[in-house]
Amino acid sequence: PRITFIEFDGRRVEVVAKVGTSLMEAAIDNGIDGIVAECGGCCSCGTCHVYVAPEWIDRTGLADPMESDMLCIVDDLRPNSRLACQISLCGELDGLVVSLPEFQL
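Owing to the predicted nature of the structure, the values given are computational and were not obtained by experimental measurement.

Chemist: A description of the state of the cysteines should follow, citing residues and the corresponding values.
Modeler: Summed over the entire model, instances satisfying the criterion amount to 0 disulfides. Between Cys39, a free cysteine, and Cys45, which holds the nearest cysteine sulfur, the sulfur-to-sulfur gap is 3.6 Å.

Chemist: Quick one: what's the story with unusual backbone geometry, residue by residue and with numbers?
Modeler: In this structure, Cys43 takes a positive phi of about 60° despite not being glycine. Looking at the secondary structure, you find Cys43 in the loop between α1 (23-29) and β3 (49-52). Given the relative accessible area of 5%, Cys43 is considered buried. In this structure, Asp76 is a non-glycine residue whose phi angle is positive, near 55°. When you line up the elements, Asp76 lands in the loop between α3 (65-71) and β4 (81-83).

Chemist: Any details on the packing of aromatic side chains? Residues and values, ideally.
Modeler: If you walk through the whole model with that rule in mind, you get 0 aromatic pairs. Taking NZ or CZ as reference, Arg59 lies 4.0 Å from the ring centre of Trp56, over its face. Seen from the ring of Tyr51, Arg78 lies directly overhead, with NZ or CZ sitting 3.9 Å from the centre.

Chemist: Explain the environment of Val16 residue by residue, including any values.
Modeler: Looking at the element boundaries, Val16 is found in strand β2 (residues 12-16). For Val16, a relative accessible area of 64% corresponds to the exposed category. Residues Val16 and Asp94, spaced 78 residues apart in sequence, show a C-alpha to C-alpha distance of 8.9 Å. For Val16, the contacting residues outside a window of four places in its chain are Pro1, Arg2 and Asn30.

Reading the values: rules and limits
Residues numbered from 1 in each chain as written. Predicted model: local features only at pLDDT ≥ 70, side-chain atom pairs only at ≥ 80, totals over all residues. Heavy atoms only, no water. Disulfide = S-S within 2.5 Å. Helix = DSSP H or I, 4+ residues; strand = E, 2+ residues; numbered from the N terminus. Buried < 20%, exposed > 50% of the residue type's maximum accessible area, 1.4 Å probe, protein only. Phe/Tyr/Trp six-rings, centres within 6.5 Å; stacked < 30°, edge-to-face > 60°. Lys NZ or Arg CZ within 6 Å of the ring centre and 35° of its normal. Contact = heavy atoms within 4.5 Å.

What is shown is where atoms sit, not what they do.
Shown next as structure tokens:
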């Protein structure tokens, strides 16, 4: 799937990811600034926080209870906040757009 990351400064970076990888892995594999991923995708640090574009929320789904607990520690939590490590990429997410928060720069 093609994913568009919108960095905090407004720069748009489009990448192509492998089906079955996480959004976090796609960001790391493509050098996206703002995805730190300190825990390596274990949902235990909150450093892969993204804002899913509103039109994609139905397809990515909302955070489960474990992810919601971790999101409570991030700055600038929004209704469309997700951890990129918890979004598994599939063909249905081709064209996904996510924005990155300022505090992860």
